[in-house]
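Breakdown of the fold
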Amino acid sequence: MGDTEAQVELGIVLLGRAKNPEAIASAVGMLGESADPRIRQVIAQKYETLNAEPRRRDSGCFQRTALVRALRGRAIVDDIPWLETALWTIEIIGRFDAASELRAAALVTMNEVDGALACFHAVRLLSDAHEMSAEPALTAARLLRMREQLLPLYGLVASGGGPPEVRAECLRGLTGLPVSLVTRLLGQYRDEKDATVLVGLFDLLLGHPSRPVFAGFIASFLDRTPSIDLYRFVVNSIVVSRDPVLIALLRRPDGPGEDSPKGMVLHEALRLMPPP
């Protein structure tokens, strides 16, 4: 038996004996990229055992979450039923739902097996945000963005719902949105103060194929924002875009003075650009 095979054998044994998420992660690390079907079997059996008496055997969902993550890259269609069980799991401890990370992990793993089914769950979970981590809503938004599912993403940002992290992720996933609808969103988010949401908004604007159309809004924001960090982010993003219309916007003669904080940021960004 080769060294790699021996390591996988040991990893499977340790995975079966693991009693905490750290031990599970350590055992999985020994397995490498092995597709040995016994790994799946051990994971599924352990999950079933823990889930039979969750409060006694896995209070807080830590082991189950680790097991679902361990299944990534190994899941098959036969795993869908128990992955869906994880996606529907809610366990309230005190005033918090301890299963939010479990649902997020199960969504990612489900996406590897059945992307269409994962999208349905993602739409449902888009409004399911833990107050500390914003999960699993944040993972749901990322999955829907990756799969270019614009309708639920637009629905959330148009309603103004969800925590800032989730709205930002939805916004940056809307680069395929019709210009007329983006323009409406700009009116809605014109006075937005949250920096996380604004970063998502400018990821949308500067990633949109019709971004020159939004030059007026971008120029107004650069003039108005008191945040040097946001100003730097937008200016550097414009430089990276290499869009001639937006680059011209940065070179306006009525821009900030060279010795002002904004002027210094602008000068540093433009210094990396070739001359017009």
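An account of the accompanying structure is given in this report. Note that the structure is predicted; figures quoted are calculated from it, not measured.

**With respect to the packing of aromatic side chains**
In total, this model carries three aromatic pairs according to the counting rule given. Judged by centre distance (4.7 Å) and plane angle (40°), the ring pair of Tyr47 and Trp82 falls under tilted. In this pair, Tyr47 is assigned in helix α3 (residues 37-52) and Trp82 in helix α6 (residues 80-87), connecting sequence segments 35 residues apart. Each member of the pair, Tyr47 together with Trp82, is buried. Plain terms: the ring middles of Phe202 and Phe221 are 4.6 Å apart, the flat faces sit at 50° to each other, and that makes the pair tilted. In this pair, Phe202 is assigned in helix α13 (residues 195-207) and Phe221 in helix α14 (residues 215-224), connecting sequence segments 19 residues apart. Residue Phe221 is classed as buried on the basis of its relative accessible area of 6%. In this structure, Arg124 packs its charged tip against the face of Trp88, placed 3.7 Å from the ring centre.

**Notes on helix α10 (residues 150-159)**
Note that an α-helix has 3.6 residues per turn; residues three or four places apart therefore point the same way. The complete set of buried residues in α10 reads Pro152, Leu153, Leu156 and Val157. The buried residues of α10 occupy an angular sector of 125° when the element is viewed end-on, so they sit on one face. The exposed set on the far side of α10, more than 90 degrees from its buried face, consists of Leu151 and Ser159. Residues of α10 that are buried make contact with α8 (115-125), α9 (137-146), α11 (164-172) and α12 (179-189).

Cut-offs and rules
Residues numbered from 1 in each chain as written. Predicted model: local features only at pLDDT ≥ 70, side-chain atom pairs only at ≥ 80, totals over all residues. Heavy atoms only, no water. Phe/Tyr/Trp six-rings, centres within 6.5 Å; stacked < 30°, edge-to-face > 60°. Helix = DSSP H or I, 4+ residues; strand = E, 2+ residues; numbered from the N terminus. Buried < 20%, exposed > 50% of the residue type's maximum accessible area, 1.4 Å probe, protein only. Lys NZ or Arg CZ within 6 Å of the ring centre and 35° of its normal. Arc of directions from axis to C-beta. Contact = heavy atoms within 4.5 Å.

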